Protein chains: 2
Amino acid sequence: MARRIGRRPGNPDTRATILAAARTTFAERGFDQASIRAIAATAGVDPALVHHYFGSKDKLFLAAMNAPADPAKVVPTILAGDPDQIGERLVGAFLSIWDSPAGTPAVALLRSAVSNEWTARLLREFLTTQVLRPVLDHLDVDPAQAPLRGSLVASQLFGLAMARHVLRLEPIASAAPETLISSVGPTMQRYLTAPLEGQPPHRRSRVTPPEG
Amino acid sequence: MARRIGRRPGNPDTRATILAAARTTFAERGFDQASIRAIAATAGVDPALVHHYFGSKDKLFLAAMNAPADPAKVVPTILAGDPDQIGERLVGAFLSIWDSPAGTPAVALLRSAVSNEWTARLLREFLTTQVLRPVLDHLDVDPAQAPLRGSLVASQLFGLAMARHVLRLEPIASAAPETLISSVGPTMQRYLTAPLEGQPPHRRSRVTPPEG
DNA sequence: CGCACAATTCAACTACCGTTGAGTTAAACA
DNA sequence: TGTTTAACTCAACGGTAGTTGAATTGTGCG
């Protein structure tokens, strides 16, 4: 079992090089469009070596996604402090993730989740169990309303990340974090804590849909 | 030039059948993942016939995207009426598009824009010139703030559509339109008309980013 | 009828894709 | 030195992609 003879892990750089190439390629193209061959080429390596290290494309993706921002460390920082500013702190923490080393795998996960059911489930479970549930629990939100509030928050954060980092819609793409914090923070605050049904939609205010 | 002999456009159904198959396939899988071969199979037709009619996959996509909800007809309905309810009417009109015949190509465009730069530009220009600009003009928004307000609106609407129709995040995916109108409408209203810089972010309220 | 021409199909080309298995190289130990 | 073992390469497999050009079908017209 504990045989320790034979060639040592000669060049441990290679594994990390492949992982880095995988992260950027997945981020640029998403899971489906990123090919193992392209990743291997970026890493300057034979495609078969990727399989040698990671076994399959799925496992490579999982390995590349490891060590995104650990929510267990970020979430408490959001919760601490004035409850009225949780919305702003949430947006600030969210934005700062993309400028950190975790930003690349985050974009990768985001891009992939749209066209790949498997990665979509990955993102969904990560968001709900690691981020939304702790925040909603901490705020003592009515459990009957928590799912709607949580998915509203997720929809705005998702749209914000998409506009800023995937679609690159200006001026959101280049805006200072402070601008987005003061703009979107109150939205988060409202989704989290303000009464949602208190103000029902104005009576008969809907626009008639196109005929069909 | 004006020779009119030979076989007539024998079965004009076929072209429409292919277009319909293209729309649903693009909507289900997005531009990249939708194959001409799959579209042809859905239409019960040879892949080469698709090229015969549409020339290339790009042109087929453009043809399939034609006749989404004509914004020239929808936008005025949003603008008419109480300016304080424009947010709600905007969300209502937006939601109703997806339940109309235009919903299928809309989902297709949405899905494709994420992983394909070409379709992303298509969606971006459609949104800004056909929807956001008219609304902002009508509201006499400060031109210096209009782009930010417009892209904030777009980010929330985009996130809403994604959550509801692509990621199918519950309970947004199954919520009644009225629920979403009363929840998201005020957000739109605020992005469009409320002072954005009036309340700067609370001083030093940002969460420290992960080191890097 | 038989010609013209659109509708439609067939087979094939090139180009990638993920994956596999066998083969080569070289570093560490006995 | 020689064995062991991991690092790494090569060539190929079966599959799917968009696209192409030649061949076939069938209908209307002179």
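Residues numbered from 1 in each chain as written. Chains lettered and ligands numbered in written order. Predicted model: local features only at pLDDT ≥ 70, side-chain atom pairs only at ≥ 80, totals over all residues. Heavy atoms only, no water.

Student: Can you help me understand the overall build of chain A in this one?
Tutor: Along the backbone of chain A there are ten helices and zero strands. From first element to last, N terminus to C terminus, chain A shows the α and β order α-α-α-α-α-α-α-α-α-α. Relative to its full complement of 212 residues, chain A shows a buried share of 50%. A separation threshold of at least 6 residues defines the contact pool for chain A, and within that pool the share at least 24 residues apart is 68%. Surface exposure of chain A reaches about 10600 Å², of which carbon and sulfur atoms provide 53%. (Helix = DSSP H or I, 4+ residues; strand = E, 2+ residues; numbered from the N terminus. Buried < 20%, exposed > 50% of the residue type's maximum accessible area, 1.4 Å probe, protein only. Contact = heavy atoms within 4.5 Å. Areas by Shrake-Rupley, 256 points an atom, 1.4 Å probe, with all protein chains shown as cover.)

Student: It is not clear to me how the interface of chain B and chain A should be interpreted in this structure. Could you clarify?
Tutor: Often, the extent of an interface is quoted as the loss of accessible area on bringing the components together. In this complex, chain B contributes 62 residues to the contact, which on the side of chain A involves 61 residues. Buried surface at the junction of chain B and chain A, summed over both partners, amounts to about 5400 Å²; 64% is from carbon and sulfur atoms. Across the contact surface, chain B and chain A share 13 residue pairs in polar contact (both at pLDDT 80 or more). For the side of chain B that touches chain A, the secondary-structure elements that each account for two or more residues are α1 (13-33), α5 (71-79), α6 (86-98), α7 (103-115), α8 (117-138), α9 (146-166) and α10 (177-193) of chain B. The greatest single-element share of the side of chain B that touches chain A, amounting to 13 residues, is contributed by α9 of chain B. In terms of residue class, the side of chain B that touches chain A is built from 31 nonpolar, 19 polar and twelve charged. (Buried area = accessible area lost by both parts, 1.4 Å probe. Polar contact = N/O pair within 3.5 Å; in protein donor to acceptor, adjacent residues only side chain to side chain. Nonpolar A, V, L, I, M, F, W, Y, C, P; charged D, E, K, R; others polar.)

Student: Sorry, what's going on with the relation of the copies chain B and chain A here?
Tutor: To go from the first copy of the chain to the second, apply a rotation about an axis and then a shift along the same axis. Least-squares fitting of chain B to chain A yields an RMSD of 0.2 Å, with the transformation described by 0.0 Å of translation along the axis and a rotation of 179°. On the angle and the small slide along the axis, the relation comes out as a two-fold axis. By C-alpha distance to the rotation axis, the residue of chain B lying nearest is G159 of chain B, at 1.9 Å. By residue overlap, the copies meet face to face through one surface: 98% of the interface positions of chain B are interface positions in chain A. (Least-squares fit on C-alpha atoms with pLDDT ≥ 70 in both.)

Student: Mind showing me how you'd approach helix α2 (residues 36-43) of chain B here?
Tutor: Because each turn of an α-helix spans 3.6 residues, side chains separated by three or four positions end up pointing in the same direction. All names here are of chain B. All of the buried residues along α2 are I36, A38, I39, A40 and A43. Buried-residue contacts for α2 involve α1, α3 (47-54) and α4 (57-65). Backbone geometry just downstream of α2 places G44 in the positive-phi region, at approximately 70°.

Student: So what exactly am I meant to see when it comes to the pattern of salt bridges here?
Tutor: Working definition: two side chains of opposite charge can pair if their charged atoms are close together. Residues and elements named next belong to chain A. Inspection of every chain in the model, using the stated rule, returns two salt bridges over all chains. A salt bridge links E117 to R124; its shortest N-O distance comes to 3.4 Å. For E117, a relative accessible area of 46% gives the class partly exposed. Given the relative accessible area of 22%, R124 is considered partly exposed. (Salt bridge = Lys/Arg side-chain N within 4 Å of Asp/Glu carboxyl O.)

Student: Please clarify how unusual backbone geometry should be interpreted in this entry.
Tutor: Leaving glycine aside, a negative phi is the common case for residues, and trans is the common case for peptide bonds. All names here are of chain A. The amide bond that connects E170 to the next residue, P171, takes the cis arrangement and shows omega of 5°. A positive phi angle, close to 55°, is found at D140, a residue other than glycine. Mapped onto the elements, D140 comes out in the loop between α8 (117-138) and α9 (146-166). The phi torsion at R168 lies on the positive side, around 55°, for a residue other than glycine.

Student: Can you help me understand the side chain of T14 of chain A in this one?
Tutor: Residue and element names in this part refer to chain A. Inspection of the secondary structure assignment puts T14 in helix α1 (residues 12-33). The class for T14 is buried, based on a relative accessible area of 16%. Leave out the neighbours within four places in its chain, and T14 touches V45, L49 and Y53.

Student: When you look at the packing of α1 of chain B against α3 of chain B in this model, what are you seeing that I'm missing?
Tutor: Angle between the axes and distance between the axes: these two values describe a pair of packed helices. Residues and elements named next belong to chain B. Across the interface, α1 lies against α3 with an axial gap of 11 Å and an inter-helix angle of 105°. Judged by the inter-axis angle, α1 sits roughly perpendicular to α3. Along its contact with α1, which presents T14, R15, I18 and L19, the element α3 presents L49, V50, Y53 and F54. When the residues that make up the contact of α1 with α3 are grouped by side-chain class, the tally is six nonpolar, one polar and one charged. (Axes fitted to C-alpha atoms, helices over the stretch in contact; angles between N-to-C directions. Parallel < 35°, antiparallel > 145°, perpendicular 65-115°, else oblique.)

Student: What is the right way to read α10 of chain B from this model?
Tutor: Given a rise of 1.5 Å per residue, 17 residues ought to cover 24 Å, and the 23 Å separating the end C-alpha atoms of α10 of chain B matches this to within 8%. Of all the bends found along α10 of chain B, the most pronounced is centred on V184 of chain B and spans about 35°, while P186 of chain B, a proline, follows it within four residues. Across the 17 residues of α10 of chain B, twelve count as buried, placing the element largely inside the fold. Residues of α10 of chain B that are buried include every one of P177, L180, I181, S182, S183, V184, G185, T187, M188, Q189, Y191 and L192 of chain B, and no others. Those residues of α10 of chain B that are buried are in contact with α9 and α10 (177-193) of chain A together with α6, α8 and α9 of chain B. (Expected span 1.5 Å × (residues − 1). Bend = angle between axes of the 7 residues up to and from the residue.)

Student: Please explain the confidence of the model for chain A as it appears in this structure.
Tutor: Should the pLDDT be low somewhere, the predicted coordinates at that spot are not to be read in detail. Residue and element names in this part refer to chain A. Residues at a pLDDT of 70 or more form 85% of chain A, whose mean pLDDT is 84. Scored below 50 in pLDDT, residues 1-5 makes zero contacts in the model with residues more than four places away or belonging to other chains. Per-residue pLDDT stays below 50 along residues 203-212; that stretch engages in 17 contacts with residues further than four places along the chain or on separate chains. (pLDDT = per-residue confidence, 0-100.)

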